[in-house]
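Chain by chain, the residues:
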Amino acid sequence: MSQPAGAHLQLKWECIQNGHDGDNFIAELTLTNRSSVPLSGSDWALYFNTARKIRPETVTGGVTVAHVNGDLSKFTPTADFGTLAPGESRVIRYTGIFWVVQETDALLGFYIVYNDGSANARAEAIGDPQIVPFTRAEVLNRNGNDKVEPVNPATRFAANEALTLLPAAQVGKITPTPLSATFAGGDFIIDANTSIVHSDDLAGEAAYLRTILHDVSGHWLQRASNGSGITLKIGSVDTKDTLAPDEAYSLDISAAGIVITGASAHGVFNGIQSLRQLLPVDAFVNPLPALAVPYGAVVDAPRFAYRGVHLDVGRNFSSKESVLRLLDCMALYKLNQFHFHLTDDEGWRVEIPSLPELTEIGSGRGFTTTETDNLVPCFGSGSEVQGSHGTGFYTRAEFIEILKFATERHIDVVPEFDVPGHARSAIKAMNVRYDRLVQAGQQAEAEKYLLIDFDDKSKYESVQLWTDNVICIAREGAYNFIETVIHDVKEMYAEAGAEWTTLHTGGDEVPHGAWEGSPICQKFMKDNNLNSILELQDHFLARYRDILKKYGLTFGGWEEIALKKETVDGVTHHGPNPKFVDANFRPYIWNNVWGWGQEDFAYQLANAGYKVVLCNVTNLYFDLAYEKDPQEPGYYWGGFINTRKAYEFVPLDIYTSATVNLFGHDLGDSLKDKAKLTEAGTKNVIGIQGELWGENIRDAGRLEYLAMPRIVALAERAWAKDPGWTFIADKGARDAQIDADWNQFANRLGQRELPRLDGLLGGYGYRVPVPGAKVEGGKLLANIESPGVTIRYTTDGSEPTARSAEYTGPVSVSGVVKLAGFTTTNRRGRVVSVA
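Source: prediction; values computed, not measured.

A. Local environment of the overall build of the protein chain. A tally of regular secondary structure across the protein chain gives 18 helices and 35 strands. In terms of C-alpha radius of gyration, the protein chain reaches 28 Å, essentially the compact-globule figure of 28 Å for 835 residues. In terms of principal-axis extent, the alpha carbons of the protein chain reach across some 85 × 75 × 55 Å. Of all 835 residues assigned to the protein chain, the portion counted as buried reaches 59%. For the protein chain, restricting intrachain contacts to residue pairs at least 6 apart in sequence, the fraction spanning at least 24 positions comes to 75%. About 31400 Å² of surface is accessible on the protein chain, with carbon and sulfur atoms providing 50% of the total.

Here it is, written out as structure tokens:
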């Protein structure tokens, strides 16, 4: 029987209401048959991805819903569905848990499966639905308790109103802000005749300098044994208040030439980046044969030794080219740690030669009936395996290339292989290996890397809705697996000439109930006198620690690796686990959501003796939406994180800039009893890191949009000295200083950093600021969060273009006005309208 092709089925999705019957929402999906044949029968299913579970009893429209696993669900027809004739539509109405206020909350990645549940099932791709704009009041807020104001042109205008366009001479020239920088009249000119003087041990830094100068001038500068060009050298640099003295540098520019002195090669490299930022910004878009660099002197060193960016490629794959572009941006802003989240439930992304199934099975997503060919679709990746943002991996050669590229830029790569939870891709891959070897009669070899207990009856559901994503930590296969992965990766580092210091082990979000129904785990606990699942987990951590010690690696992991959980009178408490304080553990702390009660985990761990990296969700989760605008991509479970939130992060006193909770309510004195850093604890905060989780990174453009310019603000907080806001007792005076400092930084973005990024690497796709605007008394008033960015507008209903009128001040208008920000290369940001 002929059925409609997936491409001929049209879908439209709309949120009808939030705050329904508590924390629920109502939505509608309209299915239209655009084909010439009817959709009929009962053996088809409409599959899709959503992080919001649907209440089955609420579904109408002649279908039922079933949760498959993870974020994959499906609608199947009931007898009431009947036949959907050509041209006919059917509305499926349902109630979901929690709320939807962003377009990325919609049901995504649809495909239809005919003969569903049978051996000859086949899938037809449909894709994402048309999403009805969120315009009605009942869909703009999460519930009646939500006081976070939806963002629109008027609210943006109010937020930007205190900003002023500073004269160029008042705008900082180097970002992140150096410890000391003074500039005088006059310029040194870098041209084709300028030479580079360096010793052999700085050949790599000199080669890098030649390349970046060629990019902005067209010249390949030559080496000289001496002279008055650009001199690179290693020497003493007089700096204080730094956790990384080897990264210190001085930069001296005079008529006699440019001299960069570094405390080490890394310090020289940092000095090169500051020189790079002093080059004419215009040259990054249009190379100049003569580059004028202002006379001056810079003495500088970083505040923190660890200045990191985390990229998750497990949830959705990012290409090698995207990774290299991100590393180049990190280098420009002196970020030195790349936390590479290579595996998760939804994908394994690096080739492990000893275990080829990891990428043969675990790197692909698409329609499957067995998951012995690839993983199921997630995050809207759809039914097609090839070409999907859910499919891809780095070959051994590509991973080595990434390591070399990072090492040349003095960036350490911290790989993450997430266990014991978040391990579904590895589990499914190793199951395929097991089946293959069992069929070949090799039972012992089959079990060598097996990660599950086939008789496990444990009932659990992870945060991401998986029911089978935790490895069996009582199986020897788990430890064989871990060590083999480490061994193969260690060889890649060695071949790349890259130092490997830290393995991030994940360790987070193991769901309650895991291992409780596993006969293997229960027997192991009994045999080893382990009295609880928590003791079993501690055993796992100790075994893992011993493996890492063998390879000389620091044990990195999310905060859960260093926390112990105790339940007293039915209330669960978390606190530092004393067992691993001296075990070379490095917890990365993410959970400080205001109002959740766990805001001080990082400080508790630091005070207890753990060396910690701050990854605070409230300021540093760059996959979260910039603002509460439905068109902004990203989650918002930890808040809406604009560039200013990243800039206002105060690492050693996070409470300084805390004002409201997740739903916009004043925090009052709820934080007064939270832990503060002790003198010893302060020394244990080794740095900060911005997070780019991959659930919504569906292409290279989305990655760059989410990353920049928030990463620039991250770099400022990681490198520059403490801004001193904590020590201003009067709130009004403190807020005024924060506003003034933000104005300076916002001007740096608008006048220097964003224009530079317009030319860097052919143009980095940062988020173009969205204008604020209102019409008062017939006049258009507009502003933008990065002063210096051009605003263009139209009054005839058309979309603004590079030829549209530039907004320079209040102007008389009538009717609907459309506005957008434009980059120096005329890339347009999101269009907004006012009337």
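From this point, the narrative continues.
B. Representation of the packing of helix 3 (residues 265-278) against helix 18 (residues 731-759) within the structure. The interhelical angle for the contact between helix 3 and helix 18, taken along N-to-C directions, is 100 degrees, at an axis separation of 11 Å. For the element pair helix 3 / helix 18, the angle class is roughly perpendicular. On helix 18, the residues touching Arg 276, Gln 277 and Leu 278 of helix 3 are Arg 752, Glu 753 and Arg 756. The class makeup of the residues in the contact of helix 3 with helix 18 is one nonpolar, one polar and four charged.

C. Quick peek at the packing of aromatic side chains. Considering all chains together, one arrives at 39 aromatic pairs under this definition. Ring plane angle 50 degrees and centroid distance 6.4 Å describe the contact between Phe 75 and Tyr 94, whose orientation is recorded as tilted. With Phe 75 in strand 5 (residues 72-77) and Tyr 94 in strand 6 (residues 89-97), this pair connects stretches of sequence that are 19 residues apart. You'll find Phe 75 and Tyr 94 in the same group, each marked buried. An aromatic cluster of at least three residues, connected via ring pairs, comprises Tyr 306, Trp 558, Tyr 588, Trp 590, Trp 596, Tyr 621, Trp 637 and Trp 693. Positioned over the ring face of Tyr 479 is Arg 543, at 3.9 Å from the centre of the ring. The ring of Phe 284 has Arg 756 sitting right over it, with the charged end atom 5.4 Å from the ring centre.

D. Examining the pairing of strand 14 (residues 249-254) more closely. Bridge analysis of strand 14 against strand 15 (residues 257-262) gives six bridges, and the strand direction is antiparallel. If you follow Ile 253 over to strand 15, its bridge partner there is Ile 258. With five bridges joining them, strand 14 and strand 16 (residues 291-300) adopt antiparallel strand pairing. Looking at the pairing, Ser 250 lines up with Val 299 of strand 16.

E. Looking closely at the pairing of strand 34 (residues 817-822). Of all the six residues making up strand 34, six are buried; the element is thus mostly covered by neighbouring parts of the structure. Neither face of strand 34 is left uncovered, since the one carrying Val 817, Leu 819 and Gly 821 and the one carrying Lys 818, Ala 820 and Phe 822 both have all their residues buried. Here strand 31 (residues 790-794) runs beside strand 34; their pairing, made up of five bridges, is antiparallel. By the bridge assignment, Tyr 793 is partnered in strand 34 with Leu 819. As judged from the three bridges shared by strand 34 and strand 35 (residues 832-834), these two strands associate in the antiparallel manner. Each residue of the ladder has a partner; that of Lys 818, found in strand 35, is Ser 833.

F. Highlighting the packing of helix 6 (residues 396-408) against helix 9 (residues 476-496). The geometry of helix 6 relative to helix 9 is characterised by a closest axis approach of 9 Å and an angle of 55 degrees between their N-to-C directions. With respect to their mutual orientation, helix 6 and helix 9 come out oblique. In this structure, helix 6 crosses over helix 9, and the sense of that crossing is right-handed. Two secondary-structure elements touch here, helix 6 through Arg 396, Phe 399, Ile 400, Leu 403 and Lys 404 and helix 9 through Val 489, Glu 491, Met 492, Tyr 493, Glu 495 and Ala 496. For the contact of helix 6 with helix 9, the class distribution of residues is seven nonpolar, no polar and four charged.

Scoring rules and cut-offs
- Residues numbered from 1 in each chain as written.
- Predicted model: local features only at pLDDT ≥ 70, side-chain atom pairs only at ≥ 80, totals over all residues.
- Heavy atoms only, no water.
- Helix = DSSP H or I, 4+ residues; strand = E, 2+ residues; numbered from the N terminus.
- Rg over C-alpha atoms; globule rule 2.2 N^0.38 Å.
- Buried < 20%, exposed > 50% of the residue type's maximum accessible area, 1.4 Å probe, protein only.
- Contact = heavy atoms within 4.5 Å.
- Areas by Shrake-Rupley, 256 points an atom, 1.4 Å probe, with all protein chains shown as cover.
- Axes fitted to C-alpha atoms, helices over the stretch in contact; angles between N-to-C directions.
- Parallel < 35°, antiparallel > 145°, perpendicular 65-115°, else oblique.
- Nonpolar A, V, L, I, M, F, W, Y, C, P; charged D, E, K, R; others polar.
- Phe/Tyr/Trp six-rings, centres within 6.5 Å; stacked < 30°, edge-to-face > 60°.
- Lys NZ or Arg CZ within 6 Å of the ring centre and 35° of its normal.
- Pairing = 2+ DSSP bridges.
- Left-handed = near helix turned anticlockwise from the far one by under 90°.

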